Amino acid sequence: MTTNEPEAAKRFKDDHPSMASSGVVKIGTHDGIFHCDEVLACFMLQQLPQYANVQIIRTRDLAKLDECDIVVDVGAKFDRGQHRYDHHQGTFNETLRTLRPELNMKWDIRLSSAGLVYTYFGEEVIKQILKDKLGMEPTAECLLAIYKKVYDGLISEIDAIDNGVPMFDGGEPRYNISTHLSARVGAFNSRWDEPTPAPGCLERFEKAKAYVGLEFIDKVTYYASSWWPARDIVSKALANRLALHESGEILELEKPCPWKEHLYQLEQEQKLVGTPKYVIYCNKEHDWRVICVPVQPSSFVCRKFLAKAWRGVRDEELIGVSGIAGANFCHQSGFIGGNKTREGALKMAIASLAASDEV
């Protein structure tokens with residue numbers, strides 16, 4: 001080793017024995033049937049420059065695993081310092097909340113190998129993907145928001161399914177299944193009536209990894225390029241709410257965007273929880289929408305529905321019932337309505353604020 005070798009490179013080699021001896025970093029995982037968690041764990045690691053050209057070793061031979069620099073989903077050991085990321089041992093009960101308490105996240109799902117790798121490498125992986133795919137350097141606030149969102153929308157599901165965590169423990173679901181990625185990855189394994197692949201075979205594993213990687217990258221880039229910018233639109237709507245209407249309970253979005261989760265977060269930050277009741281925006285020319293704010297982002301129960309007498313009524317009949325020009329529909333449940341003009345949409349929201357749900 002030369003004396004002028006960068007200190008970071010020296011530390012990396014010190015932490016990765018096979019790199020120091022052979023020039024190749026090795027990631028170990030189990031052979032046989034593979035699952036979504038170790039496939040994704042390997043993919044995430046390989047997004048980082050220091051692990052881009054690793055050799056993946058699929059084996060359960062402990063001697064061979066001991067030669068690897070990083071071991072995921074096998075080996076019966078979790079040791080961050082030694083880069084051992086297994087979760088099957090009976091003593092393992094770690095969650096994102098226990099390992100990263102500073103994030104103040106709700107998640108108490110037992111981590112899989114994907115969750116463990118994401119816990120420690122996730123932010124670095126996200127930064128690298130955004131740099132490579134979008135040429136983007138996220139702010140600290142943006143990075144943290146995307147990190148949490150990816151765990152919420154993808155990793156938690158994989159953790160829970162791999163660990164057999166029941167979805168319900170009481171009234172509210174502990175997690176949501178939105179991608180079914182674990183099942184889709186399972187289909188890459190050989191069928192029962194096909195020849196068993198040779199021990200350590202990587203062909204199907206690599207196909208699954210590429211498939212998982214596309215989904216992971218799609219999530220990260222969507223949250224960065226589409227979901228996160230919507231926060232500014234919602235923030236402006238909150239700031240202008242009193243200028244729109246004296247109640248402060250109606251918001252106007254400058255354009256349609258994913259607004260619900262941002263609204264709930266901003267409400268908490270600004271101590272306005274529960275205040276906004278309606279959101280209006282222009283869907284397209286001569287098509288304005290009035291949306292009721294739900295009690296939770298995924299709920300069908302709203303803080304205040306549109307006027308009861310309007311529900312399920314359309315066009316001229318709705319104009320007659322409401323007395324508001326341009327009104328053209330109100331959903332049967334009352335969670336959304338429409339008007340041809342901004343003025344009309346705002347009038348529908350104001351009228352619904354004053355209306356009694358008992359009518």
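Okay, so let's go over this structure. (Residues numbered from 1 in each chain as written. Predicted model: local features only at pLDDT ≥ 70, side-chain atom pairs only at ≥ 80, totals over all residues. Heavy atoms only, no water.)

All right, on to the nonpolar core then. Core analysis: the biggest nonpolar cluster contains 60 residues, and L40, V72, Y118, Y151 and F216 have the highest contact counts within it. Those elements that place two or more of their residues in this core are α3 (36–46), β3 (70–72), α5 (96–99), α6 (113–134), α7 (140–163), α8 (181–186) and α9 (203–227). Here this core takes 11 residues from α7, the largest share from any one element. Those residues in contact with F216, other than ones at most four positions away along the chain, are L40, F43, M44, Y118, V125, I129, V150, L154 and I155. If you look at the next biggest cluster of nonpolar residues, it comprises 22 residues, including C302, A327, C330 and A349. (Core = buried A, V, L, I, M, F, W, Y, C linked by side-chain atoms within 4.5 Å. Buried < 20%, exposed > 50% of the residue type's maximum accessible area, 1.4 Å probe, protein only. Helix = DSSP H or I, 4+ residues; strand = E, 2+ residues; numbered from the N terminus. Contact = heavy atoms within 4.5 Å.)

Okay, the sheet that holds strand β7 (residues 278–284) next. One open sheet accounts for five strands, arranged β6-β7-β8-β10-β9; its pairing is mixed. The outermost strands of the open sheet, each flanked by one partner alone, are β6 (250–252) and β9 (327–330). Neighbouring strand axes in the sheet, compared pairwise and without regard to direction, differ in orientation by 20° on average. (Pairing = 2+ DSSP bridges. Axes fitted to C-alpha atoms, helices over the stretch in contact; angles between N-to-C directions.)

Of note, H83 is a non-glycine position whose phi angle comes to about 55°, a positive value. On the accessibility criterion, H83 (10% relative accessible area) is buried. Of note, the phi angle at H286 is positive, near 60°, even though the residue is not glycine. You can call H286 exposed: its relative accessible area is 57%.

As a further point, take the sheet that holds β3. Each strand in a sheet pairs with another by means of backbone hydrogen bonds, the pair being arranged parallel or else antiparallel. Ordered by their spatial adjacency, five strands build an open sheet running β2-β1-β3-β5-β4, and the pairing between neighbours is mixed. On the outer flanks of this sheet lie β2 (55–58) and β4 (78–79), each paired with one strand and no other. Of the strand pairs in this sheet, strand β1 (residues 26–29) and β3 are connected by two bridges, and their pairing is parallel. Bridge assignment links G28 to a residue of β3, and that residue is V71. The sheet contacts of α3 involve β1, β2 and β3, and relative to β3 the element is tilted by about 150°.

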